[in-house]
Amino acid sequence: MVDRAHAAGWGGSGAIFGAKNLKAIVAVGDAPLPLHDAEGLQEKARQLAWRIGASEAMAGLVRGGTHGMAGAGGFSGLVPTAVRNLQDEYLPPETARAIGEAAYREWETRRMGCFGCPVRCLHEYVMDSDGHGKVISEGMHANSVRGLGSNLGIDDRASLLVAHTLCNEYGLDVDGVAAAVAFALECADQGVLERQQEGGVTLNWGDGVSIVRLIEQIGKRQGLGKVLSQGAYEAAQQIGKDSQRFAMTTKKVGINEQGLRTHRAWALGIMTSTRGGGHLGGSPQTENRRVAAEVGERLLGIPKAGDPGAYEGKGRLTAYTEGVKAVVDSLGLCYFAFGWYDLSLGGVNELAELYRLASGERISGEELHRFGLKVHTLERQLSYKLAGYQRKDDTLPDRIFNTPVSGGPYAGEHLDRHQTERMLDEYYRYLGWDVASGLPTEEQVKALGLENLI
């Protein structure tokens, strides 16, 4: 953890730290970083700062962070969100307002962000309540509001803030906790688990006090928390009684997502995630941002890139986005500001120019994107070698295909299995992978220079 809420998570670094009994890394020093063209890079940074300031997408992040833009229905209250273990993706606006970004402003003391960032998409909250005492918290991103709020039926803003804070203090993954707790709540509904659990925990949707206690149990591996601390998939394996159908997972990783039934490329990126269950890979923002057909055609060759309900071209769009994300990560930049929320910020050609100014190495945008696809292909091969994941694992829980959204602007929407299979075909073909298995071909491995690594 860095500060209170910045987690170097999902990449396995925590497992490595734990294996070495390593508690922290501290870096000190005052030597300047060597740069090929410091003045040129500084001027480029000034230009980008101005464009970030002029971007409508970035303005939304400045106004309310991802909490405001996408949490609990977003600014409009109509953005799809996970509801009660993803049984639905519609939250009535009046319910969403109770845990929306505006509901927390009385506790906000300042805005926070990464060092030097002009956006500062995080909030610092100081809450002093009778039920929870004094809580100082940094956050919240949309994932906390969705996973620990609407997906657990919680409209108690104080309990939600405490739940988010506890996850950070215990070093727990919010997505994994949300999926595991939601799984337990549905198991109680179905008679698989007893409603009353030890430690004063009652498994009821919307019981914020009990859910806070359950998160404490997960952090301390006590009571039911000892089972849930393994994640939704392993918990279901241990509990049995056909409970696996209530575990919302992909590749054995708990899902805390939204827009799975309604946004085609977004859902595909989550399905094909090499580590399972995350949208920060191939899931594009073009659908959420409703990118105009002309922009989609001109920049991506996909006129329906901004149409959430369209399946056409979404396999190519998702595969292309995988390469962009790997490049942004490898350069140590923020995905929010480079190539995701706003296509006019940080395209691959501009990222190649930033790399040249910093390193002195000339590389085209096309070559840089190819490097990103190389990273993604290596990840895919690793996930197959280590866990056996292939095409059959690139999927989502049955309810995403079978149970439509109940209301709102996306009423009746769900993923179509046949169309989804066609998107997968297109995705693999773009990447040069085998369509039948969903794995990199020997020819593609050699073409990317990965033969010796693999």
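Structure shown above.
Residues numbered from 1 in each chain as written. Predicted model: local features only at pLDDT ≥ 70, side-chain atom pairs only at ≥ 80, totals over all residues. Heavy atoms only, no water.

Visitor: Would you take a moment to explain the environment of Glu421 for this structure?
Guide: For Glu421, the position within the fold is in helix α18 (residues 417-431). For the pair Glu421 and Arg110, spaced 311 residues apart in sequence, the C-alpha to C-alpha distance is 46 Å. (Helix = DSSP H or I, 4+ residues; strand = E, 2+ residues; numbered from the N terminus.)

Visitor: It is not clear to me how the pattern of salt bridges should be interpreted in this structure. Could you clarify?
Guide: Any two side chains of opposite charge can pair, on the condition that their charged atoms come close. The full count for this structure, using the stated rule, is 23 salt bridges. One salt bridge in this structure joins Glu124 and Arg4, with 3.4 Å as the shortest N-O distance. Of the two residues, Glu124 is situated in strand β2 (residues 122-129) and Arg4 in the segment before α1 (13-19); the sequence distance between them amounts to 120 residues. Between Arg110 and Glu124 there is a salt bridge; the shortest N-O distance is 3.2 Å. Linking Arg110 in strand β1 (residues 108-112) with Glu124 in strand β2, this pair joins segments that are 14 residues apart in sequence. Residue classification places Arg110 among the partly exposed positions, given a relative accessible area of 43%. One salt-bridge network, in which partners are shared between bridges, spans Arg4, Arg110 and Glu124. (Salt bridge = Lys/Arg side-chain N within 4 Å of Asp/Glu carboxyl O. Buried < 20%, exposed > 50% of the residue type's maximum accessible area, 1.4 Å probe, protein only.)

Visitor: I keep staring at the environment of Val83 and nothing clicks. Help me out?
Guide: Tracing the backbone through its elements, the reader meets Val83 in the loop between α3 (56-70) and α4 (93-97). C-alpha separation for the pair Val83 and Ala72, spaced 11 residues apart in sequence, amounts to 9.7 Å.

Visitor: Hey, could you run me through the sheet that holds strand β3 (residues 133-139) in this one?
Guide: Strand pairing in a sheet relies on backbone hydrogen bonds, with the paired strands running either antiparallel or parallel. Spatial ordering of the open sheet is given by β1-β2-β3, a layout of three strands whose pairing is antiparallel. Each edge of the open sheet carries a strand with a single partner, namely β1 and β3. Averaged over all neighbouring strand pairs, the angle between strand axes comes to 15°, with direction disregarded. Sheet topology places β1 next to β2; four bridges connect them, and they run antiparallel. Its bridge partner being in β2, Glu108 is matched across the sheet by Tyr125. Helix-sheet contacts for α3 involve β1 and β2, and the interaxial angle to β1 is about 100°. Most of the contacts of helix α6 (residues 157-170) go to β3, to which it runs at about 65°, and overall it touches β2 and β3. (Pairing = 2+ DSSP bridges. Axes fitted to C-alpha atoms, helices over the stretch in contact; angles between N-to-C directions. Contact = heavy atoms within 4.5 Å.)

Visitor: I'm lost on the layout of surface pockets in this one. Help?
Guide: There is about 430 Å³ of room inside the second largest pocket. Every residue lining the second largest pocket is counted, 19 residues in all, and those nearest its centre are Ala247, Thr249, Leu396, Pro397 and Asp398. Elements supplying a minimum of two residues to the lining of the second largest pocket: β6 (249-250) and α17 (398-402). (1 Å grid on protein atoms, 1.4 Å probe; cavity = no way out; pocket = protein on both sides within 12 Å on 5 of 7 lines; lining within 4 Å. Points joined across faces, edges and corners; volume = space filled by probe spheres on them.)

Visitor: Looking at this model, I keep getting lost on unusual backbone geometry. Mind explaining?
Guide: Residues other than glycine predominantly adopt negative phi, and peptide bonds predominantly adopt the trans conformation. For the bond running from Gly139 to Met140, omega is -10°, close enough to zero to count as cis. You can see Met140 is positioned in the loop between β3 and α5 (142-148). Its identity as a non-glycine residue notwithstanding, Ala72 has a phi of 50°, on the positive side. As for its position among the elements, Ala72 is in the loop between α3 and α4. For Ala72, a relative accessible area of 2% translates into the label buried. Residues other than glycine seldom take positive phi values, yet Lys241 does so here, at roughly 55°. Positionally, Lys241 belongs in the loop between α10 (232-239) and β6. The class of Lys241 is exposed, set by a relative accessible area of 61%.

Visitor: What is the right way to look at the packing of aromatic side chains in this model?
Guide: What the rule picks out here adds up to 10 aromatic pairs. A centroid spacing of 5.7 Å and a plane angle of 75° characterise the contact between Tyr427 and Tyr428, whose relative ring orientation is edge-to-face. Tyr427 gets classed as buried once you look at its relative accessible area, which sits at 0%. Feature note: the residues Trp266, Tyr335, Phe336, Trp340 and Tyr341 constitute an aromatic cluster, connected by ring pairs. (Phe/Tyr/Trp six-rings, centres within 6.5 Å; stacked < 30°, edge-to-face > 60°.)

Visitor: Just checking my understanding: could you explain the nonpolar core for this structure?
Guide: Soluble globular proteins: nonpolar side chains tend toward being buried together. Counting residues in each nonpolar core, the largest one holds 54 residues, and the members touching the most others are Tyr104, Leu148, Phe183, Leu203 and Leu228. Among the elements of the structure, β2, α5, α6, α7 (174-189), α8 (208-220), α9 (223-228) and α10 are those that each provide at least two residues to this core. When residues in this core are grouped by element, the largest group, 12 residues, is from α7. Met271, Ala319, Trp340 and Phe401 belong to the second-largest nonpolar core, a separate cluster that totals 50 residues. (Core = buried A, V, L, I, M, F, W, Y, C linked by side-chain atoms within 4.5 Å.)

Visitor: Can you walk me through the side chain of Ser137 in this structure?
Guide: Here Ser137 shows up in strand β3. Apart from the residues within four sequence positions on either side, Ser137 is in contact with His123, Glu124, Tyr125, Leu161, His164 and Thr165.

Visitor: What am I meant to see in the packing of helix α2 (residues 38-54) against helix α15 (residues 348-359) here?
Guide: Think of two packed helices as two axes; the pair is described by the angle between the axes and how far apart they sit. Between α2 and α15, whose axes approach to 9 Å, the crossing angle comes to 150°. Compared by their axis directions, α2 and α15 come out roughly antiparallel. In this structure, the crossing between α2 and α15 has a hand that is left-handed. Facing α2, whose interface residues are Gly40, Leu41, Lys44, Leu48 and Arg51, α15 presents Glu350, Leu354, Leu357 and Ala358. (Parallel < 35°, antiparallel > 145°, perpendicular 65-115°, else oblique. Left-handed = near helix turned anticlockwise from the far one by under 90°.)

None of the figures reported here should be taken as evidence of function without further support.
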